[in-house]
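Now for the letters of each chain:
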Amino acid sequence: GQNIDQPTEMTATEGAIVQINCTYQTSGFNGLFWYQQHAGEAPTFLSYNVLDGLEEKGRFSSFLSRSKGYSYLLLKELQMKDSASYLCAVRVLTTGGFKTIFGAGTRLFVKA
Amino acid sequence: GAVVSQHPSRVICKSGTSVKIECRSLDFQATTMFWYRQFPKKSLMLMATSNEGSKATYEQGVEKDKFLINHASLTLSTLTVTSAHPEDSSFYICSARLVDRDTLYEQYFGPGTRLTVT
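These remarks concern the structure in this document. (Residues numbered from 1 in each chain as written. Chains lettered and ligands numbered in written order. Predicted model: local features only at pLDDT ≥ 70, side-chain atom pairs only at ≥ 80, totals over all residues. Heavy atoms only, no water.)

Looking at the sheet that holds strand 3 (residues 19-25) of chain B
Residues and elements named next belong to chain B. Worth spelling out the cut-off: A pair of strands counts as paired when DSSP detects no fewer than two bridges linking them. Numbering of helices and strands starts at the N terminus; helices are DSSP runs of H or I of at least 4 residues and strands are runs of E of at least 2. Fitted lines through C-alpha atoms give the axes, limited to the stretch in contact for helices. The angle between two N-to-C directions lies from 0 to 180 degrees.
If you trace the 4 strands from one edge of the open sheet to the other, you get 1-3-8-7, paired in antiparallel fashion. What marks the edges here is a single partner per strand, and that holds for strand 1 (4-7) and strand 7 (67-73). Ignoring which end each strand starts from, the neighbouring axes of this sheet average 15 degrees apart. Pairing between strand 1 and strand 3: 4 bridges, direction antiparallel. The residue bridging H7 from the neighbouring strand is E22, located in strand 3.

Things to note about the interface of chain B and chain A
For the record, the criterion: Note on contacts: a residue pair qualifies if any of its non-hydrogen atoms lie within 4.5 Å across the two residues. A 1.4 Å probe defines the accessible area here, and the buried area is the portion of it lost by two parts on being joined, summed over both. A pair is scored as a salt bridge if a Lys or Arg side-chain nitrogen falls within 4 Å of a carboxyl oxygen belonging to Asp or Glu. Pairing of N or O atoms within 3.5 Å defines a polar contact, subject to two protein rules: one partner must be a possible hydrogen donor and the other a possible acceptor, and residues neighboring in sequence count only if both atoms are side-chain atoms. Residues were grouped as follows: Ala, Val, Leu, Ile, Met, Phe, Trp, Tyr, Cys and Pro as nonpolar; Asp, Glu, Lys and Arg as charged; and all remaining residues, including Gly, as polar.
Contact with chain B, which involves 20 residues of that partner, is made by 20 residues of chain A. For the pair chain B and chain A, the two sides together bury roughly 1600 Å², of which 55% comes from carbon and sulfur. On the surface where chain B and chain A come into contact, there are 0 salt bridges. For the interface between chain B and chain A, the tally reads 2 residue pairs in polar contact (both at pLDDT 80 or more). Sorting the residues of the side of chain B that touches chain A by element identifies strand 4 (32-38), strand 5 (44-51), strand 9 (90-97) and strand 10 (107-109) of chain B as the ones contributing at least two each. The residue inventory of the side of chain B that touches chain A, partitioned by class, reads 10 nonpolar, 4 polar and 6 charged.

Focus on the sheet that holds strand 3 (residues 18-25) of chain A
Residue and element names in this part refer to chain A. Ordered in space as 1-3-8-7-6, the 5 strands form an open sheet in which the pairing is antiparallel. Strand pairing shows two members of the sheet lacking a second neighbour, strand 1 (3-5) and strand 6 (53-57), which therefore form its edges. Taking the axes of each pair of neighbouring strands and ignoring which way they run, one obtains an average angle of 15 degrees across the sheet. The pairing of strand 6 with strand 7 (residues 60-65) spans 5 bridges and is antiparallel. Within the sheet, the bridge partner assigned to E56 lies in strand 7 and is S61.

Dropping the structure here:
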């Protein structure tokens, strides 16, 4: 089956760095996404990795190791507005086409 | 960027009635749209994949007769919750995939529809 694991909650301090891990066991892997979702809103795209390595985009970076089935999202210089859920999602290719499977999300609390 | 809209944003209905939710891709054509359901503090659960001009593909455990999906055009997909019950109360989110485009931004999400069944 397809499985994605990430921590349920994390707390970090404003200005600090936090790393949110995601491990996955899937078949037909075709890329990994990170989304940010504020309560009551739809997810917004943060990053996409399909090859191993680190992708950096401003305060956010995402890492992928396909051999280990592992990714992380790194948030630097945390701001209060970064308090949200962070969803790890894996795109897989099935007989019915591409699908994106979401993890349960990690709720990040940023404190002053 | 690509924009996806949903209507209505919020709806309250009585038990036993049906509710239709529209999902539109405003500035691009989407051969494929996805419908998700999200419970409070939970992640998105894929309900079905909607393909323009053909029947939707439902995920295991999702009742196709209860959640009717129509994708009549390249810019519109609808989800109808039939004979709604309180347990159908949820946040429904659609997303759309661009046509013939290999992009990092595979899916664009709509703002979601909050359904409350009383």
